Amino acid sequence: MKNILSLICLIFIALGCSKSEAPLPAMPSAVNLVFPFENSLCNEGTNLTPTQSTVLFEWQSSNHTDSYTLVLKNTATGNKTTHKTSDIELAIVIDRTTPYQWYVVSESNTVSGTAQSTSWQFYNAGVATQSYAPFSANIDSPNMAEQISGASEILLKWTGNDIDDDVVGYDVYFGTDYEPGIYDSDITTSELNVSVESGTIYYWKIITKDSLGNTSDSGVSQFKIL
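Residues numbered from 1 in each chain as written. Predicted model: local features only at pLDDT ≥ 70, side-chain atom pairs only at ≥ 80, totals over all residues. Heavy atoms only, no water.

Asker: Describe the sheet that holds strand S12 (residues 153-159), with residues and values.
Answerer: Strands sit in the order S10-S12-S15 across an open sheet of three strands; the sheet is antiparallel. Both outer strands of the open sheet, strand S10 (138-141) and strand S15 (191-195), are each paired with one neighbouring strand and no more. Neighbour-to-neighbour, the strand axes of the sheet open up by a mean angle of 30°, direction not taken into account. Of the pairings in the sheet, the one linking S12 to S15 comprises five bridges and is antiparallel in character. Bridged to Ile154 within S15 is Val194. (Pairing = 2+ DSSP bridges. Helix = DSSP H or I, 4+ residues; strand = E, 2+ residues; numbered from the N terminus. Axes fitted to C-alpha atoms, helices over the stretch in contact; angles between N-to-C directions.)

Written as structure tokens, this is what we have:
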């Protein structure tokens, strides 16, 4: 009996002396973008010149975040820049009469993981511009680098937007080359069925066209049929 009581006492002592493990640091959360608005014409800016303006980018704060990196892409040229800040707004000098895409990455000083916001597109207004090129189409399905099993046919889906609301059609480029050739042109819907084979990587992109001949390029996406 004494041995049992001694054992119980030792267990309580051990438990009392043990240190509880500290909780793991929380991962940062993704921000909600505020301005410039999604799929909008941005008329606000300071230090205006005929070619450039200073636009204030804004977003909401996110949990467990020490800094933010704003990623800004000129979708007309493909040029991408990054801008780091600890604030929830940032003024950047950008070109006028130019379409842009932007998103914000939340970062923490205590964990290596990050969180990315959704991507928004906008058009930075110019001087007396009468016509705007369409926004680059958003690739909806299949997702970038998606792996798909047992398919002989795939439905390509995308979303197009335009400030002037005068998109007249889409050209679909699709194939097994990284720079795919044109597959179908002047499509008036936002989806297309294509035949596929197993063990093959496919590449595709969408060219959006408006009534005045302006175009935009979605950039190449890819998926694999297993």
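Next comes the rest of the write-up.
Asker: Just give me the short version of the environment of Thr176, but keep the residues and values in it.
Answerer: If you trace the backbone, Thr176 turns up in the loop between strand S13 (167-175) and strand S14 (182-187). Residues Thr176 and Trp204, 28 residues apart in the sequence, show an inter-C-alpha distance of 8.7 Å. The residues contacting Thr176, other than those within four sequence positions of it, are Thr200, Ile201, Tyr202 and Tyr203. (Contact = heavy atoms within 4.5 Å.)

Asker: I'd like a description of unusual backbone geometry, backed by residues and values.
Answerer: Of the consecutive residues Phe35 and Pro36, the connecting peptide bond is found in the cis state with omega at 0°. Here Pro36 is to be found in the loop between strand S1 (33-35) and strand S2 (40-42). For the bond running from Ser141 to Pro142, omega is -5°, close enough to zero to count as cis. Despite not being glycine, Asn39 shows a phi value in the positive range, around 50°. Relative to the helices and strands, Asn39 resides in the loop between S1 and S2. Here Asn39 falls in the partly exposed class, since its relative accessible area comes to 27%. Here the phi dihedral of Ala145 falls at roughly 65°; this positive angle occurs in a residue that is not glycine. Mapping Ala145 onto the fold places it in the loop between S10 and strand S11 (146-148). (Buried < 20%, exposed > 50% of the residue type's maximum accessible area, 1.4 Å probe, protein only.)

Asker: Quick one: what's the story with the pattern of salt bridges, residue by residue and with numbers?
Answerer: The final tally for this structure, using the stated rule, is four salt bridges. Taking the shortest distance from any N to any O, the salt bridge between Asp171 and Lys209 comes out at 3.1 Å. On the criterion of sequence distance, the pair formed by Asp171 in strand S13 and Lys209 in strand S16 (residues 200-210) is long-range, its members being 38 residues apart. The residue Asp186 makes a salt bridge to Lys209 at a minimum N-O spacing of 2.4 Å. One end of the pair, Asp186, is in strand S14; the other, Lys209, is in strand S16, with 23 residues separating them in the sequence. In this structure, a network of salt bridges that share partners links the residues Asp171, Asp186 and Lys209. (Salt bridge = Lys/Arg side-chain N within 4 Å of Asp/Glu carboxyl O.)

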